[in-house]
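Descriptive analysis of the structure
The chain contents come next:
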Amino acid sequence: MNIEKRIKNKVNQAIKKYNMFTRKEKVLVAVSGGKDSLSLIVVLKELNFNIECLFIDLGFKKFSQLSLSKIEKITTHYKIPLHIVKAKELVGVTIPQAVVKYPQNACAVCGSIKRKIYNSFAKEGGFHILVTGHHLDDEAANLLADNLRWDWGYMKKAQPLLNEKYGFIKRGKPFCFVREKESRAYALLKNIDFIHETCPYEKNASRRKYEKILSKMDEVFPNMVEQYYKNYLKKYHSFKVFPEEMLILNPCQICGDLTTHHTCRVCLIKQKKWKR
Ligand code: SF4
Ligand code: ZN
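The sections below set out a description of the structure shown in this document. For every chain, the first residue of the written sequence is number 1, and numbering continues from 1 onward in sequence order. To read the labels, note that chains go from A and ligands from 1, taken in the order they are written. Side-chain atom pairs in this predicted model are given and counted only at pLDDT of 80 or more, local residue features only at pLDDT of at least 70, and totals for whole chains, interfaces and linings cover all residues. As a rule here, side-chain values come from all non-hydrogen atoms in the structure, and water together with hydrogens is ignored.

**Regarding the state of the cysteines**
The bond known as a disulfide is covalent and runs between the sulfur atoms of two cysteines. The disulfide criterion is simple: two cysteine sulfur atoms within 2.5 Å. Applying the stated criterion to the full structure yields 0 disulfides. Sulfur of cysteine 53: no disulfide; nearest cysteine sulfur belongs to cysteine 110 and is 18 Å away.

This is the structure:
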């Protein structure tokens, strides 16, 4: 089977198996300009799903501008609506400004800010779900990191579908059965002009280190990574015996978003009062 057909089959299979969305429902795709999110929008568009894209300008100047130019090229070509939100306008700070006090935790700071923006945009726009270009290798790397700490709560997040919960919109990963190499091959086959540069903070991202470990293991034990993730999905029911953590949520005293504390993490980051 050729790569195009194989990826479309895998995406269709994931969407159906996890009941992610139908062709009538409005789907918001988070796009970064990288090969995975751009390949995802092309696949979903060619499968006739009702998609719109959201790009968050994190304020990385050249890197953000270059990412946006790649996204605009694809979304214009495939006639996909593109929304652009500047982090600075919505949360008052760019990522480089927000991480000044937290250089070792840049991704945690960035992740909290992006989550807040995706969530509020998707809710206000009446979207059924937010989807991302996370592929099987991404999920396996996240799972390994959480697995090594036996962090059950985080291990559940490697599921392909995370239902609406605690004020967060439903999130899906239609590429959950697609390997990284397949996503790359598809991008090349479809002449997708994606960004090759990486975010300035990526070198400190621990997830990349886990990805490298897994790819080395894949060389020694072919298909081990795929089996690792697929066995997790098969055995997921056993995680359900662990009680759900009962979170008590209150509106953040500054922005009103639901939080387990008096003030949400993004508001604390803006005030430079967040502690890890
Ligand atoms: Fe944000 Fe860069 Fe970390 Fe990605 S690598 S989460 S863009 S800081
Ligand atoms: Zn807040």
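Let us keep going from here.
**A word on helix 10 (residues 206–220)**
Strands are runs of DSSP state E lasting at least two residues, helices are runs of H or I lasting at least four, and both sets are numbered from the N terminus onward. For a helix, the expected span equals 1.5 Å multiplied by the residue count minus one. Relative to the 21 Å expected for 15 residues at 1.5 Å per residue, helix 10 spans 22 Å between its end C-alpha atoms, a close match to the ideal helical length. Among all positions of helix 10, only Glu211, Leu214 and Asp218 are buried. The buried residues of helix 10 all sit within an arc of 65 degrees when viewed along its axis, so they share a single face. The exposed set on the far side of helix 10, more than 90 degrees from its buried face, consists of Lys212, Lys216, Glu219 and Val220. Only heavy atoms enter the contact rule, under which two residues are in contact if any of them lie within 4.5 Å. Summarising the contacts, the buried residues of helix 10 are in contact with helix 7 (136–148) and helix 11 (224–234). Note on exposure labels: buried denotes an accessible area under 20% of the residue type's maximum, exposed denotes more than 50%, and partly exposed covers the range between, all computed with a 1.4 Å probe on protein chains only. Throughout, the arc means the angular range of directions from the helix axis out to the C-beta atoms.

**Points about the packing of aromatic side chains**
Ring pairs are drawn from Phe, Tyr and Trp, using the six-membered ring of Trp, whenever the two centres fall within 6.5 Å, and their geometry is named by plane angle: stacked under 30 degrees, edge-to-face over 60, tilted for the rest. In the structure shown here, the tally under the stated rule is 8 aromatic pairs. When the centroid spacing of 5.1 Å and the interplanar angle of 85 degrees are considered together, the rings of phenylalanine 21 and phenylalanine 49 count as edge-to-face. Residue phenylalanine 21 is located in the loop between helix 1 (3–17) and strand 1 (27–30), and its partner phenylalanine 49 is located in the loop between helix 2 (35–46) and strand 2 (51–57); the two are separated by 28 residues in the primary sequence. Just as phenylalanine 21 is buried, phenylalanine 49 falls in that class too. When the centroid spacing of 6.3 Å and the interplanar angle of 25 degrees are considered together, the rings of phenylalanine 121 and phenylalanine 127 count as stacked. With relative accessibility at 22%, the residue phenylalanine 121 sits in the partly exposed group. Overall, phenylalanine 127 belongs to the buried group, its relative accessible area being 8%. A network of ring pairs unites the aromatic residues Phe60, Phe63 and Tyr201 as a single cluster. In this scheme, the term charge over a ring applies when either NZ of a lysine or CZ of an arginine sits within 6 Å of the ring centre and within 35 degrees of the ring normal. One residue, arginine 23, lies across the ring of phenylalanine 49, its end atom 4.2 Å from the ring centre. We note lysine 26 situated over the ring of phenylalanine 127; from NZ or CZ to the ring centre the distance is 4.4 Å.

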